[in-house]
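# Residue-level structure breakdown
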Amino acid sequence: ARLCETSFHDTECRATIVSCDNSKRTNETNMSKTKVLIVEDDHALSDVLFYNLQKADFNVFRAFDGREGLEQARQKIPDIVVLDLMLPRLSGMEVCRQLRKQKETRDIGILMLTAKSEDLDQIEGFEAGADDYVVKPFSVLVLLERIRALQRRRTLDREEEEGSTEPFEYAGITVDLRRHQIHQGEQPLELTRSEFRLLHTLIAQPGRFFERSELIE
């Protein structure tokens with residue numbers, strides 16, 4: 001009876017160790033995945049996005065109003081926010097502006113998701129700091145590719161910033177990647193993230209011809 005009891009407890013201990021080890025590996029795997037925050041008040045659409053992003057191997061969490069989305073973004077610092085424009089409590093446009101104002105969240109990739117398709121609405125979104133803009137209705141597969149493209153751009157931006165130690169200048173315009181600043185002469189330019197990236201790309205390779213798809217990517 002003692003042997004059986006010892007065997008049972010040993011097995012239970014081994015099972016506990018394996019369970020903890022698996023939990024540790026799961027946590028490490030989740031930490032290495034791209035983190036995506038969905039801020040969408042339509043629960044049915046949020047469920048669809050949540051399911052498909054998880055299936056595509058993203059680490060996904062979500063909020064259902066603007067204030068909750070802003071708070072989660074500040075706490076969890078996602079890589080990308082999929083942000084609906086028309087949200088209760090705080091609009092998606094204001095959430096975007098607030099994220100861009102704060103040092104901890106200003107580099108988060110923001111993909112704005114909205115039913116508004118007018119050019120002026122899209123321009124307003126980009127001016128607020130959005131990196132991309134997807135109009136409803138949309139293909140989930142296309143949305144996933146836009147998210148992946150946005151993550152690739154963020155990775156390239158980070159690699160460029162880490163690999164560059166000195167500001168560089170061309171035609172009176174100075175680019176400082178580490179400080180994320182561009183000056184024209186002594187005057188700092190107020191640019192959105194997308195505008196900064198576009199201007200940096202053009203200045204870094206003067207005289208080169210770019211396809212439109214390259215600049216979008």
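Residues numbered from 1 in each chain as written. Predicted model: local features only at pLDDT ≥ 70, side-chain atom pairs only at ≥ 80, totals over all residues. Heavy atoms only, no water.

### Thoughts on the packing of helix α3 (residues 66-76) against helix α4 (residues 92-101)
In a packed pair of helices, the relevant descriptors are the angle between the two axes and the axis-to-axis distance. The line we're drawing: Throughout, an axis means a line fitted to C-alpha atoms (over the contacting stretch in the case of helices), and angles, computed between N-to-C directions, take values from 0 to 180 degrees. Put simply, DSSP marks the helices as runs of H or I at least four residues long and the strands as runs of E at least two long, and each gets a number from the N terminus on. Should an angle fall under 35 degrees it is taken as roughly parallel, and over 145 as roughly antiparallel, whereas 65 to 115 is taken as roughly perpendicular and any remaining angle as oblique. For any pair of crossing helices, the crossing counts as left-handed if the nearer helix is rotated counterclockwise from the farther one by less than a right angle, and right-handed if it is rotated clockwise. The contact definition used throughout considers only heavy atoms, calling two residues in contact when any of these lie within 4.5 Å. Under the grouping applied here, Gly and all other residues not named as nonpolar or charged are polar, the nonpolar ones being Ala, Val, Leu, Ile, Met, Phe, Trp, Tyr, Cys and Pro and the charged ones Asp, Glu, Lys and Arg.
Across the interface, α3 lies against α4 with an axial gap of 9 Å and an inter-helix angle of 20°. Viewed along their axes, α3 and α4 adopt a mutual orientation that is roughly parallel. In this structure, α3 meets α4 at a crossing whose hand is right-handed. Residue-level contacts link Gly66, Leu70, Ala73 and Arg74 of α3 to Val95, Gln98 and Leu99 of α4. Looking at side-chain class alone, the contact of α3 with α4 contains 4 nonpolar, 2 polar and 1 charged residues.

### With respect to the sheet that holds strand β5 (residues 132-135)
How we decide: Paired strands, as defined in this entry, are two strands with at least two bridges between them according to DSSP.
Within the open sheet, the 5 strands sit side by side as β2-β1-β3-β4-β5. Their pairing is parallel. Each edge of the sheet is formed by a strand with only one pairing partner; in this case those strands are β2 (59-63) and β5. The average angle at which neighbouring strand axes cross in this sheet is 20°, direction not considered. Of the pairings in the sheet, the one linking strand β4 (residues 109-114) to β5 comprises 4 bridges and is parallel in character. Following the sheet pairing, Leu113 is matched in β5 by Val134. Along the sheet, α3 makes contact with β1 (35-39) and β2, crossing β2 at roughly 145°. Its contacts with the sheet put helix α5 (residues 119-128) on β4 and β5, and the angle it makes with β5 is roughly 145°.

### Details of the confidence of the model for the protein
Counted only if it meets this: pLDDT: the predictor's confidence for each residue, scored from 0 to 100.
Averaged over every residue, the pLDDT of the protein is 80; residues scoring 70 or more account for 77%. By mean pLDDT, the top-scoring element of the protein is β1 (97), and the lowest-scoring one is helix α1 (residues 2-32) (46). In the model, residues 1-9 has pLDDT below 50 throughout and makes 0 contacts with residues more than four positions away in sequence or in other chains. Counted against residues more than four places away or in other chains, residues 11-20, with its pLDDT under 50, gives 0 contacts.

### Quick notes on the side chain of Gln98
Under the convention used in this document: Identification of polar contacts relies on pairs of N or O atoms within 3.5 Å, with a donor-acceptor requirement for protein atoms, meaning one able to donate a hydrogen and the other able to accept it, and with residues adjacent in sequence counted only if both atoms are side-chain atoms.
Here Gln98 shows up in helix α4. Of note is the side chain of Gln98, whose polar atom sits 2.8 Å from the side chain of Glu94. In contact with Gln98, other than residues within four places in its own chain, are Leu70, Arg74 and Thr105.

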